[in-house]
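Residue-level listing of the chains:
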Amino acid sequence: MAERVEPRASRHAPPSRHGRRTRWNPWSARQIADRLRTRPHETAATASGRRRSHRSADGPIMNGHSVRQGIRMARIIAVANQKGGVGKTTTAVNLAAALARTPKRVLLVDLDAQGNATMGSGVDKREVAASTCDLLLGEATATDVRVRTQEDFDLLPGNIDLTAAEIQLMEREDREQRLKLALQPLRGEYDYIVIDCPPALSLLTLNALTAADSVIVPMQCEYYALEGLSALLETIDALRARINPALEVEGVLRTMFDVRNNLANAVSAQLTEYFGDKVFRTIVPRNVRLAEAPSHGQSIVGYDRASRGSVAYLGLAGEIIRRQAEREQTGTHAHAPALQENPA
């Protein structure tokens, strides 16, 4: 058998903090790309057959949405990454606002105890009558918790009470299913449900991934970006096997991108090379107006629609809708396009 030849360090490898070029390991990127495409010990043909034959608990998957008794159900997208400060909440709020402008019927679920998605949507987390904590504990229904925002999407607000909810849920047998069961009555009322996850692979995040059809992974183009992605994929693999076989990675979203940064450009190129269509074409830039919007209780679309941040999130919404339209035309399952095989 031919000896395996390790790849040489790329001349585009990102520089270290001391100015010397450090080695980028494309094998780790390729391994993650393979896992995005198929399950362990599963060929591409088997994976394709599994996706075609899948049926959700609500009924068959048709045109990217679950169908129950002839009613088209919402597509649930979790925005998750256990690494903090990568733009999860920013993405969740602005994607919800951008989708609502298309116009689509959108529900945003704040599952982070910090309640930033709630505040960023113009709702005071300290004054809500009920929150997602009450929803998860069964003390209120989704209809009781739901509020309307000024940007034409609905919100299930979150606050610090979610910390107590996570502790109490640990003792319940159906603890990973609480959010999924709570959202069931609302799925026929929306086109998209977007879930803002906390910055950890906690029980709250597991609830989001159990309820979701797909996951958007926001990530900065940094040297260790793949590390967090690998850990998240391990969790997704486990959930597929145990609870949610329909769960897929919708796409990787590059956030806080600065084109002047050579390291960011190098990592972005590697992500695109190895992950193919799993990387959204949309790139969210570093943008002052995007950072200002939450302090005004608005999305960037409502705060400054002409800004670069707004254009980026409107573009992301457009990508998601176009992928949906392609699935409807081909009659395929609800998941994102498969990765392109990288040539050896």
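The structure this text deals with has already been given above.
Residues numbered from 1 in each chain as written. Predicted model: local features only at pLDDT ≥ 70, side-chain atom pairs only at ≥ 80, totals over all residues. Heavy atoms only, no water.

Participant: How do you make sense of the overall build of the protein when you look at a structure like this?
Facilitator: The secondary structure content of the protein amounts to 14 helices and 12 strands. Of the roughly 15,900 Å² of accessible surface on the protein, 50% is carried by carbon and sulfur atoms. (Helix = DSSP H or I, 4+ residues; strand = E, 2+ residues; numbered from the N terminus. Areas by Shrake-Rupley, 256 points an atom, 1.4 Å probe, with all protein chains shown as cover.)

Participant: Explanation requested: the packing of helix 3 (residues 88-100) against helix 14 (residues 308-330) in the structure shown.
Facilitator: A pair of packed helices is characterised by two quantities: the angle between their axes and the separation of those axes. It is the contact of helix 3 with helix 14, at a shortest axis distance of 8 Å, that shows an interaxial angle of 70 degrees. Judged on the interaxial angle alone, helix 14 and helix 3 are roughly perpendicular. Considering how the two elements wind past one another, helix 3 and helix 14 form a crossing that is right-handed. Two secondary-structure elements touch here, helix 3 through T90, T91, N94, L95, A98 and L99 and helix 14 through Y313, L314, L316, A317, I320 and I321. Its residues assigned to classes, the contact of helix 3 with helix 14 shows 9 nonpolar, 3 polar and no charged. (Axes fitted to C-alpha atoms, helices over the stretch in contact; angles between N-to-C directions. Parallel < 35°, antiparallel > 145°, perpendicular 65-115°, else oblique. Left-handed = near helix turned anticlockwise from the far one by under 90°. Contact = heavy atoms within 4.5 Å. Nonpolar A, V, L, I, M, F, W, Y, C, P; charged D, E, K, R; others polar.)

Participant: Got a minute to help me understand the environment of G251 in this structure?
Facilitator: Looking at the secondary structure, you find G251 in strand 11 (residues 248-257). For the pair G251 and I320, spaced 69 residues apart in the sequence, the C-alpha separation amounts to 9.5 Å. Leaving out residues up to four positions away in the same chain, G251 has contacts with V215, I216, V217, K278 and F280.

Participant: Would you explain the pattern of salt bridges in this entry?
Facilitator: Should the charged atoms of two oppositely charged side chains come close, the side chains can pair. Applying the stated criterion to the full structure yields 14 salt bridges. A salt bridge links E250 to R75, with the shortest nitrogen-to-oxygen separation between them at 2.3 Å. Residue E250 is found in strand 11, and its partner R75 is found in strand 5 (residues 75-79); the two are separated by 175 residues along the sequence. Judged on exposure class, the residue E250 and its partner R75 are both buried. Overlapping salt bridges bring together D237, R240 and E248 as one network. (Salt bridge = Lys/Arg side-chain N within 4 Å of Asp/Glu carboxyl O. Buried < 20%, exposed > 50% of the residue type's maximum accessible area, 1.4 Å probe, protein only.)

Participant: Sorry, what's going on with the environment of V194 here?
Facilitator: Within the element layout of this structure, V194 appears in strand 9 (residues 192-196). With relative accessibility at 0%, the residue V194 sits in the buried group. Residues within four places of V194 in sequence aside, it is in contact with I77, V79, A92, L95, L99, L107, L108 and V109.

Participant: What am I meant to see in the sheet that holds strand 5 here?
Facilitator: Ordered by their spatial adjacency, 8 strands build an open sheet running 7-8-6-9-5-10-11-12, and the pairing between neighbours is mixed. Strands with a single pairing partner mark the edges of an open sheet, and in this sheet they are strand 7 (147-148) and strand 12 (279-285). Pairing geometry for strand 6 (residues 106-110) and strand 9, over 5 bridges, is parallel. Pairing of V106 across the sheet is with Y192, part of strand 9. Strand contacts of helix 3: strand 5, strand 6, strand 9, strand 10 (214-220) and strand 11, with the helix running at about 165 degrees to strand 9, the strand carrying the most contacts. (Pairing = 2+ DSSP bridges.)

Participant: Whenever I open this one, unusual backbone geometry confuses me. Can you help?
Facilitator: Glycine aside, residues mostly have negative phi, and peptide bonds are mostly found in the trans state. The amide bond that connects T102 to the next residue, P103, takes the cis arrangement and shows omega of -5 degrees. Positive phi, close to 50 degrees, is recorded for M256, a residue that is not glycine.

Participant: Can you help me understand the pairing of strand 12 in this one?
Facilitator: With 5 of 7 residues buried, strand 12 lies mostly within the body of the structure. Pairing geometry for strand 11 and strand 12, over 3 bridges, is parallel. Considered in strand 12, the bridge of R254 is made with I283. As for the winding sense of the linkage, the β-α-β connection from strand 11 through helix 11 (residues 262-275) to strand 12 is right-handed. (Right-handed = clockwise from strand over helix to strand, strands pointing away.)

Participant: I tried to follow the pairing of strand 10 on my own but got confused; where do I start?
Facilitator: The side chains of a regular strand alternate, first on one face of the sheet and then on the other. Judged by how many residues are buried, strand 10 sits mostly within the fold: 7 of 7 residues are covered. Side chains of strand 10 alternate between two faces, with S214, I216, P218 and Q220 and V215, V217 and M219 buried alike. Where strand 5 meets strand 10, 3 bridges bridge the pair, whose relative direction is parallel. Bridging across to strand 10, V79 finds its partner in I216. Pairing of strand 10 with strand 11, which is carried by 7 bridges, proceeds in the parallel orientation. Its bridge partner lying in strand 11, S214 is registered against E248.

Participant: Could you clarify how one ought to interpret empty space enclosed by the protein in this entry?
Facilitator: To find the voids left in a structure, one rolls a probe of water-molecule size over its atoms. What the rule picks out here adds up to 3 cavities of 30 Å³ or more. In this model, the largest cavity occupies a volume close to 80 Å³. Where the lining of the largest cavity is concerned, the elements lending two or more residues are strand 10 and helix 10 (225-242). No other element matches the 3 residues that helix 10 contributes to the lining of the largest cavity. (1 Å grid on protein atoms, 1.4 Å probe; cavity = no way out; pocket = protein on both sides within 12 Å on 5 of 7 lines; lining within 4 Å. Points joined across faces, edges and corners; volume = space filled by probe spheres on them.)

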